[in-house]
Amino acid sequence: MAKVEIKQPIVQEIAENVKDAQSVVLVDYRGLTVAQDTQLRKELREAGIIYKVYKNTLMNFAFKGTEFEGLTDSLEGPNAIAISKDDATAPARLLAKFAKTAPALEIKAGVVEGNFYDTEGMKEISSIPSREELLSRLLGSWQSPITNFARVIKQIAEKDGEAAPAEEAAAEA
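This one's a predicted model, so the numbers in the text were calculated from it and none came from an experiment. (Residues numbered from 1 in each chain as written. Predicted model: local features only at pLDDT ≥ 70, side-chain atom pairs only at ≥ 80, totals over all residues. Heavy atoms only, no water.)

Asker: Which residues make up the sheet that holds strand β1 (residues 23–28), and what values do they have?
Answerer: Sheet architecture is open: 5 strands sit in the order β2-β3-β1-β4-β5, paired in antiparallel fashion. The sheet is open, and its two edges are formed by β2 (50–53) and β5 (115–117), each paired on a single side. Here the average twist between neighbouring strands, direction ignored, is 15 degrees. Here strand β4 (residues 106–112) pairs with β5 via 3 bridges, running antiparallel. Within the sheet, the bridge partner assigned to Val 111 lies in β5 and is Phe 116. The strands that helix α5 (residues 119–126) touches are β1, β4 and β5; relative to β4, the one it contacts most, it runs at about 75 degrees. (Pairing = 2+ DSSP bridges. Helix = DSSP H or I, 4+ residues; strand = E, 2+ residues; numbered from the N terminus. Axes fitted to C-alpha atoms, helices over the stretch in contact; angles between N-to-C directions. Contact = heavy atoms within 4.5 Å.)

Structure, rendered in structure tokens:
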């Protein structure tokens, strides 16, 4: 059996993982302790993010002809990829947060919603809140004026309720 035949299923696995991905982030994990790596994998898995270490040549083959081809220039040294099919900013956000406690972890590059970003660009992406957090903020900003409006209407109703008996008493006299 030729080497190419042995590696083909791995290339297909990578291609399948990135096929419908919202984002793919390439990281250098050198220097992480086993405990840190285990914790990172756990946090990413819980967030629904695929995190794997593959040989650069295999990732290179899998990325060719896809929107992730821009990552091939960053495939030097040991690399891992974090893939999200749901939340485009989640991998960058979680990896950047984790890197604060494990500075050895380095985000090298990424493709988010079809756009390539270098290390600096990925830092910007990592600061974008999650979709749920953005929706929560939006709903909160809508809810505040509605709540204030309801409070004012209630106060007017209570004021009118108190005024009505006084007006009736004045009318009867």
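The discussion continues.
Asker: Provide a residue-level description of the side chain of Asp 37, including the pertinent values.
Answerer: Relative to the elements of secondary structure, Asp 37 occurs in helix α2 (residues 34–46). Here Asp 37 falls in the buried class, since its relative accessible area comes to 18%. Ignoring any residue separated from it by four or fewer positions in sequence, one finds Asp 37 in contact with Leu 32 and Tyr 51. (Buried < 20%, exposed > 50% of the residue type's maximum accessible area, 1.4 Å probe, protein only.)

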